[in-house]
Amino acid sequence: MNAAANVKHTKDGPMLTMRQRQLPGKVIMTILLVGFAVLMIVPFIWMVSSSFKAEREVMTIPIQWIPQNPSWDNYKVVLHIDTNKKDYHFLLSYWNSIKVSVLNTLVSVATAATAGYAFAKLRFKGANVLFLIYLAQMMVPSQLTLIPRFVMFSALELTNTHFSIIAPKLIAVSATFMMRQAFLGVPNDLRESAMIDGAGEWRIWGQIMIPSVKPTLAALATVQFLDSWNSYLDPLVFLSDWRLRTLPIALNQFVSEEGAQYNLITAACCLTVIPVFVVFLCGQKFFVKGLTVGAVKG
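Being a predicted model, the structure only gives us computed values, none of them experimental. Throughout this description, residue numbers start from 1 for each chain and increase along the sequence as written. Selection of residues for local features in this predicted model requires a pLDDT of at least 70, selection of side-chain atom pairs for listing and counting requires 80 or more, and totals for whole chains, interfaces and linings are taken over all residues. Just so you know, side-chain values use all the structure's heavy atoms and leave hydrogens and water out.

A. How the structure looks around the overall build of the chain. Think of it this way: any DSSP run of H or I at least four residues long counts as a helix, any run of E at least two long counts as a strand, and we number them from the N terminus. When helices and strands are counted, the chain shows 15 helices and two strands. The 298 residues of the chain split such that 35% are buried. Note on contacts: a residue pair qualifies if any of its non-hydrogen atoms lie within 4.5 Å across the two residues. Within the chain, counting contacts between residues at least 6 apart in sequence, those at least 24 apart form 73% of the total. Carbon and sulfur atoms make up 67% of the accessible area of the chain, which totals about 18800 Å². Under the scheme applied here, a residue whose accessible area is under 20% of the maximum for its type counts as buried, over 50% as exposed, and between as partly exposed, the area being computed with a 1.4 Å probe on protein chains only. Working definition of accessibility: Shrake-Rupley area with a 1.4 Å probe, residue cover restricted to the visible protein chains.

Next comes the structure, spelled out in C-alpha cells:
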C-alpha cells in the first residue's frame, strides 16, 4: 500500500512541477493579450465618446472619455434629421454600400463554391494546370490592374455604375482556393453514393456538398462582405457621381478646406460599423471553424 502511494506521488509530482513552470508564461501571455486588447479597443471607445461631443470638445487634452453634455446632434446632422444644415446624403451612401456589398458577397460566394467544387471533386484534363494558372492571379496586385480595368469599363461606358465595382468581384481567387480546401475535406464516399443513387453533379453539389461546408461558406461570406464594405480605391476611381458613392467615399465629405469635422466623422463612423458588427456577430460561431476547415485534409 505504501508502494502504491509512492507511485501515485511519483506520478503527480512532475505534473505539478510542469504546471508551476508553465504558470509564469501563461500569466505573461495573458497580460500581453489583455494589453493588446485594450490597445485595440481604446480608439473605438474614443470614437463613440467623440460622436456625442461638440466639435470644440473632441480634441481637448486630457481626453474626456465621458462627454460632459452628451448630445445626438452629430447624428442628426449626419443623417439630416430635424436640421437645416447641409445634407450629406449619408443614407443614400449607406444604401449604396449595403447594395454593393450584398451583391458582391452573393456573387463571389456562389462562383467560389462552384469553382471550388469543380477543382476539388471533378476530374478533367488539365485541372491541375488550370488551377495553378488560377492561383497565379493571387500574385498580381489588384492595384496593378486598376488602369486596364478603368480603360475597359470606360470603353464599355460602364464607369459611374455600380457594375464597375461589382464585376471584378465575380471571381475571387482566394475565395475559390478556400472553398476547394473545404470540399477536399468532404469524403468522396458521399459523392459516390449519391451518384450510385442517380444524383447528378448539380444535385450532389447543392444537397450534399454545400451543407457539408456551411461553416466555410459563412466564414467566406463574412470576409467577402467586410472586404466589399471597406473597399475605398475602386469606388473612388470608378464612381464620380455623388448619387452612387459608397460609405468610405462619403466620409470624405466631412473633411473640407477649413479642416476635419471630427465630431461628425466619428458619428458617421459609428453608424458605418453597425453592419460590420451585425455580420460578424451572426457568423462568429462559424468564422474560426470555417477558416480552419480544410487545413488538415482527410
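Alright, that's what it looks like, and here's the rest.
B. Seen up close, the pattern of salt bridges. Salt bridges are defined as contacts in which a side-chain nitrogen from Lys or Arg sits within 4 Å of a carboxyl oxygen from Asp or Glu. Following the criterion strictly, the structure yields four salt bridges and no others. The partner of Asp 234 in a salt bridge is Arg 149, and the shortest N-O contact between them spans 3.2 Å. Taken together, the residues Asp 234 in helix 12 (residues 233–238) and Arg 149 in helix 6 (residues 146–155) connect sequence positions 85 residues apart. Where Arg 191 meets Glu 201, a salt bridge forms, and the shortest distance between an N and an O atom there is 2.6 Å. Highlighted residues: Arg 191 in helix 9 (residues 188–196) and Glu 201 in helix 10 (residues 201–212), separated in sequence by 10 residues. A relative accessible area of 14% places Arg 191 in the buried class. Glu 201 sits in the partly exposed class, given a relative accessible area of 29%.

C. Fine view of the side chain of Thr 105. Along the chain, Thr 105 falls in helix 4 (residues 90–121). Classification of Thr 105 by relative accessible area gives buried; the value is 10%. In protein, a polar contact means a hydrogen-donor-capable atom and an acceptor-capable atom, both N or O and within 3.5 Å, with residues adjacent in sequence counting only if both atoms are side-chain atoms; elsewhere, any N or O pair within 3.5 Å suffices. For Thr 105, the side chain forms a polar contact with the main-chain oxygen of Ser 101, separated by 2.7 Å. Contact partners of Thr 105, with chain neighbours within four places excluded, come to Ala 221, Gln 224 and Phe 225.

D. Structural context of the packing of helix 8 (residues 173–184) against helix 11 (residues 214–229). Two numbers describe how helix 8 lies on helix 11: the axes approach to 10 Å, and their chain directions differ by 170°. Here helix 8 is positioned roughly antiparallel relative to helix 11, judged by the angle of their axes. Every residue of helix 11 that contacts helix 8 at Ala 175, Met 178, Met 179 and Ala 182 is listed here: Thr 216, Leu 217, Ala 219, Leu 220 and Gln 224. Grouping the constituent residues of the contact of helix 8 with helix 11 by class yields seven nonpolar, two polar and no charged. Each axis is a line fitted through C-alpha atoms, taken for helices only over the stretch in contact, and angles between the N-to-C directions span 0 to 180 degrees. Oblique is the label for every angle not falling under 35 degrees (roughly parallel), over 145 degrees (roughly antiparallel), or within 65 to 115 degrees (roughly perpendicular). Throughout, the ten residues Ala, Val, Leu, Ile, Met, Phe, Trp, Tyr, Cys and Pro are labelled nonpolar, Asp, Glu, Lys and Arg are labelled charged, and all others, Gly among them, are labelled polar.

E. The arrangement of the environment of Leu 135 in detail. Mapped onto the secondary structure, Leu 135 falls in helix 5 (residues 127–136). Along the backbone, Leu 135 and Phe 177 are 42 residues apart, and their C-alpha atoms lie at a distance of 7.8 Å. Among all residues touching Leu 135, those that are not within four sequence positions of it are Val 173 and Phe 177.

F. Unusual backbone geometry, seen in detail. Unusually for a residue other than glycine, His 80 sits at a positive phi of about 55°. For His 80, the position within the fold is in the loop between helix 3 (73–79) and helix 4. For Asn 160, which is not a glycine, the phi torsion comes out positive at approximately 60°. As for its position among the elements, Asn 160 is in the loop between helix 6 and helix 7 (163–166). Residue Asn 160 is classed as partly exposed on the basis of its relative accessible area, which comes to 32%.

G. Examining empty space enclosed by the protein more closely. The method works on a 1 Å grid over the protein atoms by themselves. A cavity is a set of points holding a 1.4 Å probe that cannot get out, a pocket is an open set with protein on both sides within 12 Å along at least five of seven lines, and residues with an atom within 4 Å of a point line them. Grid points are joined across faces, edges and corners, and a volume is the space filled by probe spheres set on the points. Scanning the model with the defined rule gives one cavity of 30 Å³ or more in all. Each pocket or cavity is described by its volume, and for the largest cavity that value is around 90 Å³. Lining the largest cavity, in full, are Ser 97, Val 100, Ser 101, Asn 104, Ile 165, Lys 169, Ser 228, Trp 229, Ser 231, Asp 234, Pro 235 and Thr 246. The dominant element in the lining of the largest cavity, judged by the number of residues it contributes, is helix 4, at four residues.

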